[in-house]
Amino acid sequence: MRIVLWLFACSLAVLPAAAKAETITIAYNEAWAPYSSGSESSVNGVVVRLVEEIIDRRLGWRVENVGLPWARVQLAVERGEVDAMVTFASDERKAYAWAAEQAVFTIETKAHVVRGSPAAKALREDPSIENHRQFTHCAILADAWASKYLEDNGIPFETTRDTSSCLRQLAAGHVDVYLHAVDSVAEEVASQGLEDKIEVLPEVYSSIPLTLLLSKKSSISAAFAGAFDDAVLAMRGDGSYAQLLEEIRLTPAGVVVTTLDWPPYTGADLPGGGAVTEVVRQAFARSGIETSVIYVPWKRAIAYAKDAKSGAVGFFPGYNCDQQPGLLASEPIGEGPLALAERRDADVSWESLNDLIPLRVGTVVGYANTEEFDQWVNNGQLSVISSISDTENLLKLAEGKLDLAVVDRYVFEHLMRTEKRLIHHADMLRIDDKPLESKKLYLCLRAGPRGENLRNLFDAGLRSVDFDGIWQATLAEVQ
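Heads up: these notes are all about the structure in this document. No experiment lies behind these values; they were computed from the predicted model shown.

### Looking at the overall build of the protein
Alright, step 1. A count of helical and extended segments in the protein gives 20 helices and 21 strands.
Alright, step 2. Expressed along its principal axes, the backbone C-alpha trace of the protein runs to roughly 85 × 60 × 40 Å.
Alright, step 3. Residues counted as buried form 50% of the 479 residues belonging to the protein.
Alright, step 4. In the protein, of all internal contacts separated by at least 6 residues, the share reaching a separation of at least 24 is 73%.
Alright, step 5. About 22400 Å² of surface is accessible on the protein, with carbon and sulfur atoms providing 49% of the total.

### Brief notes about the packing of helix H11 (residues 223-238) against helix H12 (residues 240-250)
Alright, step 1. For the pair H11 and H12, interaxial distance at closest approach is 5 Å and the crossing angle is 90°. Put simply, H11 runs roughly perpendicular to H12. Taken together, the residues of H12 that come into contact with H11 (itself represented by Met235, Arg236 and Asp238) are Ser240, Tyr241 and Leu244.
Alright, step 2. Grouping the amino acids of the contact of H11 with H12 by side-chain chemistry returns three nonpolar, one polar and two charged.

### Remarks on the pattern of salt bridges
Alright, step 1. All told, the structure shown has 23 salt bridges when counted by the stated rule.
Alright, step 2. When the shortest N-O distance is used, the salt bridge between glutamate 64 and arginine 62 registers 2.8 Å.
Alright, step 3. Judged by relative accessible area, which is 47%, arginine 62 ranks as partly exposed.
Alright, step 4. We note a salt bridge from aspartate 91 to lysine 94, for which the minimum N-O separation is 4.0 Å. Of this pair, aspartate 91 and lysine 94 both sit in helix H5 (residues 91-94), three residues apart, which is roughly one turn of that helix.
Alright, step 5. In this structure aspartate 91 comes out as exposed when scored by relative accessible area, which is 64%.
Alright, step 6. With a relative accessible area of 39%, lysine 94 lands in the partly exposed category.
Alright, step 7. Connected through salt bridges with shared partners, the residues Glu342, Asp347, Arg430 and Asp433 form a single ionic network.

### Regarding the environment of alanine 111
Alright, step 1. Locating alanine 111 in the fold gives a position in strand S7 (residues 105-114).
Alright, step 2. Sequence spacing of alanine 111 and leucine 75 is 36 residues, and the spatial spacing of their C-alpha atoms is 34 Å.
Alright, step 3. If we ignore the near neighbours within four places in the chain, the residues touching alanine 111 are His132, Val177, Tyr178, Leu179, Glu199, Val200, Leu201, Glu203 and Tyr205.

### A short note on the state of the cysteines
Alright, step 1. On inspection of all chains with the given rule, the structure shows two disulfides.
Alright, step 2. Two residues share a disulfide in this structure: cysteine 138 and cysteine 166, whose sulfurs sit 1.9 Å from each other. With the S-S bond torsion at -85°, the cross-link from cysteine 138 to cysteine 166 turns out left-handed. Note that cysteine 138 is positioned in strand S8 (residues 137-140) and cysteine 166 in helix H9 (residues 163-171), a separation of 28 residues in sequence.
Alright, step 3. Judged by its relative accessible area of 2%, cysteine 138 is buried.
Alright, step 4. Each disulfide pairs two cysteine sulfurs, and for cysteine 321 the partner residue is cysteine 444, the sulfurs being separated by 2.0 Å. Handedness of the cysteine 321-cysteine 444 disulfide follows from its S-S torsion of about -85°: it is left-handed.

### Examining unusual backbone geometry
Alright, step 1. Across the junction of proline 263 and proline 264, the peptide omega takes the value 5°, indicating a cis bond.
Alright, step 2. Note that proline 264 resides in the loop between strand S12 (254-259) and helix H13 (275-285).
Alright, step 3. Put simply, phenylalanine 316 and proline 317 share a cis peptide bond, and its omega is -10°.
Alright, step 4. Along the chain, proline 317 turns up in strand S14 (residues 314-318).

### Describing the packing of H13 against helix H19 (residues 449-462)
Alright, step 1. Relative orientation of the contacting elements H13 and H19 amounts to 105°, with a least axis distance of 7 Å. Judged by the angle between their axes, H13 and H19 are roughly perpendicular. Residues Val279, Val280, Ala283 and Phe284 of H13 touch H19, and the partners they reach there are Leu454, Phe458, Gly461 and Leu462.
Alright, step 2. Tallied by class, residues from the contact of H13 with H19 come to seven nonpolar, one polar and no charged.

### Here's the deal with the pairing of strand S9 (residues 157-160)
Alright, step 1. Note that S8 and S9 share four bridges and pair parallel. Paired with alanine 139 across the strands is threonine 159, a residue of S9.
Alright, step 2. Each parallel crossover has a hand, and for S8 linked through helix H8 (residues 144-152) to S9 it is right-handed.

### Considerations on H19
Alright, step 1. Counted at 1.5 Å a residue, the expected span for H19 with its 14 residues is 20 Å, and the 20 Å between its end C-alpha atoms agrees.
Alright, step 2. Those residues of H19 not exposed but buried are Gly451, Asn453, Leu454, Phe458, Asp459, Gly461 and Leu462.

### Side note on the packing of aromatic side chains
Alright, step 1. This structure, assessed with the given rule, holds eleven aromatic pairs.
Alright, step 2. For the pair tryptophan 32 and tyrosine 35, a centre-to-centre distance of 5.0 Å together with 50° between the ring planes defines the contact as tilted.
Alright, step 3. The exposure class assigned to tyrosine 35 is buried, which follows from its relative accessible area of 2%.
Alright, step 4. Ring centres of tyrosine 149 and tyrosine 205 lie 6.4 Å apart, and the angle between their planes is 75°; on these two criteria the pair is classed as edge-to-face. One end of the pair, tyrosine 149, is in helix H8; the other, tyrosine 205, is in strand S11 (residues 198-215), and 56 residues separate them in sequence.

Definitions and limits used
- Residues numbered from 1 in each chain as written.
- Predicted model: local features only at pLDDT ≥ 70, side-chain atom pairs only at ≥ 80, totals over all residues.
- Heavy atoms only, no water.
- Helix = DSSP H or I, 4+ residues; strand = E, 2+ residues; numbered from the N terminus.
- Buried < 20%, exposed > 50% of the residue type's maximum accessible area, 1.4 Å probe, protein only.
- Contact = heavy atoms within 4.5 Å.
- Areas by Shrake-Rupley, 256 points an atom, 1.4 Å probe, with all protein chains shown as cover.
- Axes fitted to C-alpha atoms, helices over the stretch in contact; angles between N-to-C directions.
- Parallel < 35°, antiparallel > 145°, perpendicular 65-115°, else oblique.
- Nonpolar A, V, L, I, M, F, W, Y, C, P; charged D, E, K, R; others polar.
- Salt bridge = Lys/Arg side-chain N within 4 Å of Asp/Glu carboxyl O.
- Disulfide = S-S within 2.5 Å.
- Pairing = 2+ DSSP bridges.
- Right-handed = clockwise from strand over helix to strand, strands pointing away.
- Expected span 1.5 Å × (residues − 1).
- Phe/Tyr/Trp six-rings, centres within 6.5 Å; stacked < 30°, edge-to-face > 60°.

These values are about where atoms sit, not about what they do.
Pasting the structure below:
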């Protein structure tokens with residue numbers, strides 16, 4: 001290890017020209033997901049993030065990434081319009097670029113099968129060509145290597161347009177094996193919710209090493225490639241490379257989460273999407289993850305989050321993620337005081353749920369209340385009248401159709417101030433002084449290795465979020 005670090009230091013010492021340059025510009029294929037995708041500065045992906053992490057944090061250089069059509073990437077490096085690219089170091093490319101020796105990433109082709117299937121059992125024990133010939137494979141039209149490999153070895157196969165189609169054929173039992181790049185398949189398996197059905201076998205059928213290629217016309221010294229090699233070697237030696245790659249593979253550059261219109265906490269028309277939405281967005285951002293928010297009715301928000309095929313990874317704000325199986329709870333993203341709204345001319349005095357038994361209490365369909373309250377309702381000890389929204393509940397209360405309505409205090413104050421149908425009832429309704437409970441709010445993420453990693457990153461970012469500042473700023477804007 002000392003020798004590696006010494007070499008690393010020496011490499012940096014022989015970079016007099018490059019040391020003056022604080023930025024390196026790297027071009028990537030804009031249409032090569034999940035390794036790199038996105039035009040211009042929006043490019044992202046597994047390889048993009050891995051290389052940026054090594055150069056930025058290990059070498060201390062600022063990295064500017066740019067996504068271009070692949071032919072344009074190679075031309076830009078050849079002309080010196082950008083400093084580098086990351087790809088296979090062919091002889092043709094090494095004619096105009098200095099190549100690092102260490103593979104920063106290796107694209108591996110492996111066999112994907114249905115768990116417990118005859119193909120899974122047979123190929124795990126013996127991945128020989130003879131065994132492969134017993135099973136029908138799937139190949140996509142764009143994968144020339146797979147088609148040639150299968151054809152040259154006499155392995156039966158069917159072709160289809162993309163990985164998504166191959167996985168559907170595999171899951172349905174129409175084909176037995178799919179040979180393809182591991183990361184490309186893993187992303188699609190997750191998006192289709194097939195993690196429990198599809199597995200990848202350990203045998204590697206092809207490996208393509210990707211290295212950093214530095215343009216010979218760049219102002220950055222060729223010694224940078226050596227320094228990059230030393231950084232990769234050091235990371236492999238101390239285990240941080242494997243850890244970083246696993247984190248990147250488990251963590252998307254962007255996530256989709258679902259929520260409902262529940263002002264002032266969340267709302268498509270609120271500043272920042274609502275106070276809690278802004279907390280969620282900032283917490284993810286602090287871990288380098290962009291957040292897209294879908295606003296749908298509450299039951300649908302939960303359903304989308306639990307279904308991997310929807311593309312969403314979780315929902316918020318949940319009172320208790322444990323009430324939904326297969327979910328993980330973040331650290332609290334806020335707190336909501338749950339209380340009972342009442343008519344001013346019909347003040348209700350109560351000390352326990354027993355006092356509510358003879359009363360008409362309104363709740364909202366799909367909303368969790370307190371654990372004890374909901375248990376009493378489920379056991380038939382407490383009868384409630386449900387509405388589709390807090391607004392409908394409060395209107396029923398104002399019209400005398402309810403004696404009480406379960407509602408969040410901040411939601412009540414917001415609705416009485418902004419909802420046209422309730423404004424003229426503002427002097428008629430109030431919040432009871434005795435709260436039901438102060439409810440903590442959570443982001444609920446779909447369980448699994450990816451969900452656990454997202455939760456850890458989210459929680460880490462959450463610790464530096466200014467809750468009070470966001471809350472006060474949001475309230476000031478929506479009032």
